[in-house]
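The residues making up each chain are set out below.
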Amino acid sequence: MIPDPALVVLVGASGSGKSTWAAARYRGPEIVSSDDLRGVVGSGRHDLDATDDAFRLLEDIVAARVRRGLTCVVDTLGLDAARRRRWRALAEAAGLPAVVVRFDVPAPLARSRNAARARPVPAPALTAQLTRAATVGDELAGEGWTSVVTVASDEPSRPVTDRDSSEPAASSSPDARTGLRFVLQLSRFPWGDDPHAWLRDVALAADEAGFAGLALMDHLIQIPQVDRAWAPIPEPWTTLGLLAGLDTRLQLGTLVSPVTLRAPGVLAKAAATLDTLSGGRAFLGLGAGWFEREHAAYGLPFPPAAERLRLLKTAVPAIRALWAPGTKAAAGLPETTCYPRPVHDIEVIVGGSGRRTLAIAARHADAANVATGALDGALPVFDAVRAEAGRDVAMTVLDVPVVGRDRDEVWTRVETHRGRTAAAAFARRHFAGTYGEQRDRYARLADRNVRTVFLALPHLAGADDVLAAALMLRP
């Protein structure tokens, strides 16, 4: 598998299929072709008098893309060792994988392809290329490439579209292949003039697409990572009450409710009511809170981090006590009168990747939740604190991928949403890829014992985007 992003250098004689292979896998702007650049600086692709100028331009483009961490596919003969070494050194300096794709094509096939061209390469020149290409393998092995991929002459060209664009059967049960549950997390609300209709359509689409649930972000002001401060961000428990009245199988809850915005008892009451009205479909995400601006704007205290973590630690037992049978003093409360009681055991998810937060999750919650990008650092810590607690607590992730049906749509969305962030960094942070690539990534998350993916879509505009997301939920 070729890394992405990467510097990809194609090596092979004329007629070996390099350009066709590249065009089937990469966007046009990612491919730097010496032939095409002859057409830019000269009279056409076959203007050999423009070769030197074309290669000077090619070198500048390769250097610029690699320096920015962007995929760059170099479509030349690739037989010049000095050029290859120079390109590989550029990639190494930029921390970008450098891959050679060597085309192993029988000479008769290359000659027949060449003969079919409108402007074939002269026979003596092609013979020299084929001779050189046959001996280049040993050189490549010693040049220090991240990998050398060999393409056989009979390998089919795969178009860069999602590998399975058929609609999967909707199911809210975990993926049978991976065991993963998927919950749609709503963080942006571009609902136009009819908020009710937008919410209804998105929820019904999530149910149809096979999501197991729908989670709402809990903030008083829209956060800068998602949108502008004046973009709509509805109060979640009121909104969840509306969604509970729809005919769906969706589990409903927050990801996450800061303990600094509402007292534990108020959260317990809201979640218990939602569970009753939805027939046992509520869950509750809790966090220590981080967005100081919304607290100041709404006149709420925003204590130091240590105090917020203490509040989180004490909130979970208090909430569970209010959901338990009977009325008694418990968890620091004088009484636990909270009716209606939940109709099922409400799952409590604690969000945050710090050690203290993960320890709270391990000791008191049913699941922890971290951003996918924080998983590498959080998992070893979580495994340790979970072992100390001696409890089977699940790991879940909040995943915010940039996704599309093909490479062009993916990159269009990267450019739309990256703001001032460098494109390569934004794409890397948001795991940019096609629906099929996301499915493969989720299978790897399942292999790491992640049980639920809370999926937030940066490009979400309405129900159609939710239905399209079904392509990455099932194989």
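Structure first, text after, so check above.
If you're wondering where the values come from, they're calculated on a predicted model, not measured in any experiment.

Student: What's the story with the side chain of Glu30 in this structure? I'm lost.
Tutor: Residue placement: Glu30 occurs in the loop between helix 1 (18-25) and strand 2 (31-33). We classify Glu30 as buried; its relative accessible area is 2%. Here the side chain of Glu30 touches Arg27 through a polar contact of 2.8 Å, landing on its backbone nitrogen. Those residues within four positions of Glu30 in sequence are excluded, and the remaining contacts are Arg65, Thr71, Cys72, Val73 and Arg407.

Student: What is the right way to read the sheet that holds strand 3 (residues 72-75) from this model?
Tutor: In a beta sheet, neighbouring strands are held together by backbone hydrogen bonds and run either parallel or antiparallel to one another. Strands sit in the order 2-3-1-4-5 across an open sheet of five strands; the sheet is parallel. Every other strand in the sheet has two partners, leaving strand 2 and strand 5 (147-152) as the edge strands with one partner each. Direction aside, neighbouring strands of the sheet carry axes that sit 20° apart on average. Judged from the three bridges that link them, strand 1 (residues 7-11) and strand 3 form a sheet pairing that is parallel. Bridging across to strand 3, Leu7 finds its partner in Cys72. Helix 4 (residues 81-94) rests against strand 1, strand 3 and strand 4 (98-104) of the sheet, and its axis sits at about 165° to strand 1. Of the strands in this sheet, strand 1, strand 4 and strand 5 are in contact with helix 6 (residues 123-141), which crosses strand 4 at around 150°.

Student: Help me understand the packing of helix 12 (residues 355-364) against helix 13 (residues 375-389) in this model?
Tutor: For any two helices packed against each other, the geometry is given by the interaxial angle and the distance between the axes. Contact pair helix 12 / helix 13: the axes reach a minimum separation of 9 Å and the direction vectors enclose 40°. Taken together, the axes of helix 12 and helix 13 are oblique relative to one another. Judged by the twist between their axes, the crossing of helix 12 over helix 13 is right-handed. Touching Arg355, Leu358, Ala359, Ala361, Ala362 and Arg363 of helix 12 are Ala378, Val381, Phe382, Val385, Arg386, Glu388 and Ala389, all from helix 13. Residue composition of the contact of helix 12 with helix 13, grouped by class: nine nonpolar, no polar and four charged.

Student: Got a minute to help me understand helix 1 in this structure?
Tutor: In an α-helix, one turn spans 3.6 residues, which is why side chains three or four residues apart end up on the same side. Here helix 1 has its buried residues at Lys18, Trp21, Ala22, Ala24 and Arg25. Taken around the axis of helix 1, the buried residues stretch over an arc of 165°, which confines them to a single face. Facing away from the buried side of helix 1 by over 90 degrees, the exposed positions are Thr20 and Ala23. Here the buried face of helix 1 lies against strand 1, strand 2, strand 3, strand 4, strand 5 and helix 14 (407-417).

Student: How should unusual backbone geometry be read in this particular structure?
Tutor: Negative phi values dominate among residues other than glycine, just as trans dominates among peptide bonds. That bond from Asp4 to Pro5 is cis: its omega, 5°, falls within 30 degrees of zero. Within the secondary structure, Pro5 sits in the segment before strand 1. Residue Leu255 is joined to Val256 through a cis peptide bond whose omega torsion reads -15°. Even without a glycine there, the phi angle at Phe431 is positive, about 50°. Its location among the elements puts Phe431 in the loop between helix 15 (423-429) and strand 14 (433-434). The phi dihedral of Asn449 is positive, around 70°, even though this residue is not glycine.

Student: Before we go on, may I ask you to explain the pairing of strand 11 (residues 367-371) in this structure?
Tutor: Where a strand is regular, its side chains alternate between the two sheet faces. Counting buried positions along strand 11 yields four of five residues, so the element is predominantly enclosed. Of the strand pairs in this sheet, strand 10 (residues 347-351) and strand 11 are connected by three bridges, and their pairing is parallel. Residue pairing across strands places Gly351 opposite Asn369, the latter belonging to strand 11. Assessed by its sense of winding, the connection that carries the chain from strand 10 through helix 12 to strand 11 is right-handed.

Student: Looking at this structure, I do not really get the pattern of salt bridges. What am I missing?
Tutor: When their charged atoms lie close together, side chains carrying opposite charge are able to pair. One pass over the full model with this rule turns up 28 salt bridges. As a salt-bridge pair, Arg83 and Glu59 come within 3.9 Å of each other at their nearest N and O atoms. Note that Arg83 is positioned in helix 4 and Glu59 in helix 3 (residues 51-67), a separation of 24 residues in sequence. Residue classification places Glu59 among the buried positions, given a relative accessible area of 17%. Note that Glu415 and Arg418 form a salt bridge whose closest N and O atoms lie 3.1 Å from each other. Judged by its relative accessible area of 39%, Glu415 is partly exposed. With a relative accessible area of 23%, Arg418 lands in the partly exposed category. Here the salt bridges do not stand alone but share partners, grouping Asp4, Arg27, Glu30 and Arg407 into one network.

Student: What is the right way to read the environment of Ala394 from this model?
Tutor: You can see Ala394 is positioned in strand 12 (residues 394-399). Spatially, the C-alpha atom of Ala394 lies 9.8 Å from that of Phe382, the residues being 12 residues apart in sequence. Residues contacting Ala394, with those up to four places away along its chain left out, are Asp366, Ala367, Ala368, Phe382 and Arg451.

Student: Honestly, the packing of aromatic side chains in this entry has me stumped. Any pointers?
Tutor: The description of two aromatic rings rests on the distance between their centres and on the angle between their planes. Counting across every chain of the model gives seven aromatic pairs. Summarising the aromatic geometry, the rings of Trp21 and Phe103 are spaced 5.8 Å apart at their centres and angled 85° between planes, so their arrangement reads as edge-to-face. Of this pair, Trp21 sits in helix 1 while Phe103 sits in strand 4, and the two are 82 residues apart along the sequence. There is no split in this pair, since Trp21 and Phe103 are both buried. Measuring from ring centre to ring centre gives 5.2 Å for Phe182 and Tyr442, while their planes differ by 65°; the resulting arrangement is edge-to-face. One end of the pair, Phe182, is in strand 6 (residues 181-186); the other, Tyr442, is in helix 16 (residues 435-447), and 260 residues separate them in sequence. The residues Phe182 and Tyr442 share a single accessibility class, namely buried. Here the aromatic residues Trp21, Tyr26 and Phe103 are joined through ring pairs into a cluster of three or more. The residue whose ring lies beneath Arg83 is Phe55, and the NZ or CZ to ring-centre distance is 3.9 Å. When the ring centre of Tyr339 is taken as reference, the NZ or CZ atom of Arg341 above it lies at 4.4 Å.

So, how was this worked out
Residues numbered from 1 in each chain as written. Predicted model: local features only at pLDDT ≥ 70, side-chain atom pairs only at ≥ 80, totals over all residues. Heavy atoms only, no water. Helix = DSSP H or I, 4+ residues; strand = E, 2+ residues; numbered from the N terminus. Buried < 20%, exposed > 50% of the residue type's maximum accessible area, 1.4 Å probe, protein only. Polar contact = N/O pair within 3.5 Å; in protein donor to acceptor, adjacent residues only side chain to side chain. Contact = heavy atoms within 4.5 Å. Pairing = 2+ DSSP bridges. Axes fitted to C-alpha atoms, helices over the stretch in contact; angles between N-to-C directions. Parallel < 35°, antiparallel > 145°, perpendicular 65-115°, else oblique. Left-handed = near helix turned anticlockwise from the far one by under 90°. Nonpolar A, V, L, I, M, F, W, Y, C, P; charged D, E, K, R; others polar. Arc of directions from axis to C-beta. Right-handed = clockwise from strand over helix to strand, strands pointing away. Salt bridge = Lys/Arg side-chain N within 4 Å of Asp/Glu carboxyl O. Phe/Tyr/Trp six-rings, centres within 6.5 Å; stacked < 30°, edge-to-face > 60°. Lys NZ or Arg CZ within 6 Å of the ring centre and 35° of its normal.

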